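Summary of structural features
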Amino acid sequence: MAISGCKSVLKTYQSPTVQIDSLFRGNHLISDDSSNIGSLHWQDLFKDSMLQQLIQEGIDNNLDLKTAYSRINQAAAYLKQSELYNYPELNANASIEYAKKIGNSGSISHVHQYQLGVDASWEADIWGKLKSAKKAQMAALLQSEAYEQAVKTNLVASIARNYYTLMAYDKELSVTMQTVKTWKRTVEVMKDLKKGAKVTEAAVVQSEAGLYATQVSIPDLKRNIRETENAICYLLGRDPGRINRDSLTVKEFIPLFKTGVPAEILANRPDVREAELNFRQAFEMTNVARTYFYPSLTITANGGLSSNSLSTFFSTGSVIGGILGGLTQPIFNRRANKTRLKVAQEDQLQALYNFKQKLLGAGQEVSNALYSYKSATDKITPRTMQLNSLHKAVDYTQELVRNDFADYSEVLIAMQSLLSAEINQVTDYLQRNEAIVNLYAAMGGGWQ
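Here is a short report on the structure shown in this document. The model shown is predicted, which means the values in this text are computed figures rather than measured ones. (Residues numbered from 1 in each chain as written. Predicted model: local features only at pLDDT ≥ 70, side-chain atom pairs only at ≥ 80, totals over all residues. Heavy atoms only, no water.)

Examining the packing of helix H3 (residues 49–61) against helix H5 (residues 129–195)
To keep things clear, this is the line we draw: The angle between two axes is taken between their N-to-C directions and runs from 0 to 180 degrees, where each axis is a line fitted to C-alpha atoms and a helix contributes only its stretch in contact. Helix and strand assignments come from DSSP, with helices taken as H or I runs of at least 4 residues and strands as E runs of at least 2, each series counted from the N terminus. We call a crossing left-handed when the near helix sits turned anticlockwise from the far one by less than a right angle, and right-handed when that turn is clockwise. The contact criterion used is simple: two residues touch if any of their non-hydrogen atoms lie within 4.5 Å. Put simply, Ala, Val, Leu, Ile, Met, Phe, Trp, Tyr, Cys and Pro go in the nonpolar bin, Asp, Glu, Lys and Arg in the charged bin, and everything else, Gly too, in the polar bin.
Closest axis-to-axis distance for the H3/H5 pair is 10 Å, and the angle between their directions is 145 degrees. Our pair here, H3 against H5, has a crossing hand that is right-handed. From H3, Met-50, Leu-51, Leu-54, Ile-55, Gly-58 and Ile-59 reach across to H5, where they touch Lys-152, Leu-155, Val-156, Ile-159, Ala-160, Tyr-163 and Tyr-164. A per-class count over the contact of H3 with H5 returns 11 nonpolar, one polar and one charged.

Below you can see the structure in the form of structure tokens.
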């Protein structure tokens, strides 16, 4: 009866049913190959040796990751405790009792009672309460491990993003500094042309204004560089300071990649697995809550020595012992069991919503990263052609001004357009790099 009753009380866990075929947009951009970008080790994706050193330092020293390791140790301790749930509790006790006894005649006698023994208590797991509690602790341990992997995934991606951002700021600063030199030459040319009465003073001051407008952006770029270096140091668990890095290159650091199929997000993304394990833990705790409505069988036993004299304490006559079996059926406990079950069911429902939300978020992240990569890649060729044309435009307009065939404003416009296009090209390369980093994280890469 107990076995059949246990089967009816406890429910068997099944993974949540979710629709994943349309999890993310851009199916024409992906491959159905089982080997995807998310399964790569971060050293196989990021070939820059300086970036590799930074990521390894972050893995070794990041404080959030160390906190995640501590959470795993806590969950492991609880699981180890749950493995002993089926064993009896055993406690030793020793006591000395002293009392005064007053007789009818007013005489006083002294009474001593010495006791030494052990008590044991064991609960029979008739309805599977202890078994479900152990399963819940196992899910909690796996959940803490998945959390640690999620932290590592975000850490690797954050370091890489900031590293590429830092190199982009370096490139922007270099382009801006070079443009300042060009503006200075332009100002000198305008002054010479004014002396030859080919341009007016307005042309000179306009060129000077262009020079100052370019120079004023340099302090902000240097500030961005400093703040990005500090952000990387924070991720590495070190004091703020300089970050060694390479220079931004137009070369794609991973020429081809595969994203696999949507179902692999379930296996690769640690935060999705963490959410499902959280649901499983809540499911098992709901099972535990159900068992409180049924009788519990507890067996207690005690044994030891008891005597009113130390001289006879270890004699056979001092040995005492007993065993008691008790069956307890809850009747009225101020709605405690109903509340426990209701709360557990709502926790389970919330965990299910959280799991589905994690999946939706994963699909959104993959979709955005895929299209961002395509968008950045599509801009490379026209941006290169634009820059070629603008370089020619600057050269041509400067020559035309010298020969009185063009207005000075055309030179200024061409130079401003060139600077803007060069900065935009840096942004394009940064967008492409960030898209790959984001896709890598979205597919669950980085924790391997």
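Let's talk about a nonpolar patch on the surface
We count it as follows: Patch membership requires over 30% relative accessible area and the absence of a salt bridge. Like charges are linked within 9 Å, and nonpolar side chains (Val, Leu, Ile, Met, Phe, Trp, Tyr) within 5 Å. Method for areas: the Shrake-Rupley scheme with a 1.4 Å probe, in which residue coverage is limited to the protein chains shown. Whenever a carboxyl oxygen of Asp or Glu lies within 4 Å of a side-chain nitrogen of Lys or Arg, that contact is scored as a salt bridge. Type-normalised accessible area, obtained with a 1.4 Å probe on protein chains alone, sets the label of each residue: buried when under 20%, exposed when over 50%, and partly exposed for intermediate values.
Together, Trp-122, Ile-299 and Ile-323 give the surface a local cluster of nonpolar side chains, amounting to about 290 Å² of exposed area. Structurally, Ile-299 is set in strand S3 (residues 296–307). Residue Ile-299 is classed as partly exposed on the basis of its relative accessible area of 31%.

Concerning the sheet that holds strand S1 (residues 89–102)
To be explicit about the condition: Two strands form a pair only when DSSP identifies at least two bridges running between them.
Here we have four strands laid out as an open sheet, ordered S1-S2-S3-S4, and antiparallel in their pairing. Two strands in the sheet have a free side with no partner beyond their single neighbour: S1 and strand S4 (319–328). Averaged over all adjacent pairs, the angle separating strand axes in this sheet is 20 degrees, with direction ignored.

So, H3
The condition that has to hold: A helix is expected to span 1.5 Å multiplied by its residue count minus one. Summarising the geometry, the arc corresponds to the directions from the helix axis toward the C-beta atoms. In the analysis that follows, any N or O atom pair within 3.5 Å is treated as a polar contact, provided that within protein one partner can donate a hydrogen and the other can accept it, and provided that, for residues neighboring in sequence, both atoms belong to side chains.
Relative to the 18 Å expected for 13 residues at 1.5 Å per residue, H3 spans 18 Å between its end C-alpha atoms, a close match to the ideal helical length. Buried within H3 we find Leu-51, Leu-54, Ile-55, Gly-58 and Ile-59. Along H3, the residues classed as buried sweep out an arc of 135 degrees about the axis, all on the same side. Where H3 is buried, its residues contact helix H2 (42–45), helix H4 (63–82), H5 and helix H7 (218–236). The backbone nitrogen of Met-50 has a side-chain oxygen 2.9 Å away, supplied by the residue at the start of H3, namely Asp-48.

Remarks on the nonpolar core
Note the cut-off: The nonpolar core is taken to be a set of buried Ala, Val, Leu, Ile, Met, Phe, Trp, Tyr and Cys residues, with the residues joined through side-chain atoms within 4.5 Å.
The biggest cluster of nonpolar side chains holds 74 residues, and the ones touching the most others in it are Phe-46, Leu-51, Ile-55, Ile-159, Tyr-164 and Met-190. In contact with Met-190, not counting residues within four places along its chain, are Val-199, Ala-203, Val-204, Ser-207, Tyr-408 and Val-411. Within the second largest apolar cluster, six residues are counted, among which are Phe-279, Ala-282, Ala-351 and Leu-352.

What to know about the environment of Lys-392
Relative to the helices and strands, Lys-392 resides in helix H10 (residues 336–402). Between the C-alpha atoms of Lys-392 and Ala-414, which are 22 residues apart in sequence, the distance is 9.3 Å.

Describing the side chain of Thr-397
As for its placement among the helices and strands, Thr-397 is situated in helix H10. On the basis of relative accessibility, which here comes to 10%, the residue Thr-397 falls in the buried class. Here Ala-393 takes part through its backbone oxygen, which lies 2.7 Å from a polar atom of the side chain of Thr-397. There is a polar contact of 3.1 Å between the side chain of Thr-397 and the backbone oxygen of Val-394.

Remarks on the packing of H10 against helix H11 (residues 408–442)
Note the threshold: Geometric relationships in this document are graded by angle, where less than 35 degrees denotes roughly parallel, more than 145 denotes roughly antiparallel, 65 to 115 denotes roughly perpendicular, and other angles denote oblique.
In the contact formed by H10 and H11, the axes pass within 7 Å of each other and the chain directions differ by 160 degrees. Comparing their axes, H11 and H10 come out roughly antiparallel. For H10 against H11, the interelement crossing comes out left-handed. The class makeup of the residues in the contact of H10 with H11 is 22 nonpolar, 13 polar and seven charged.

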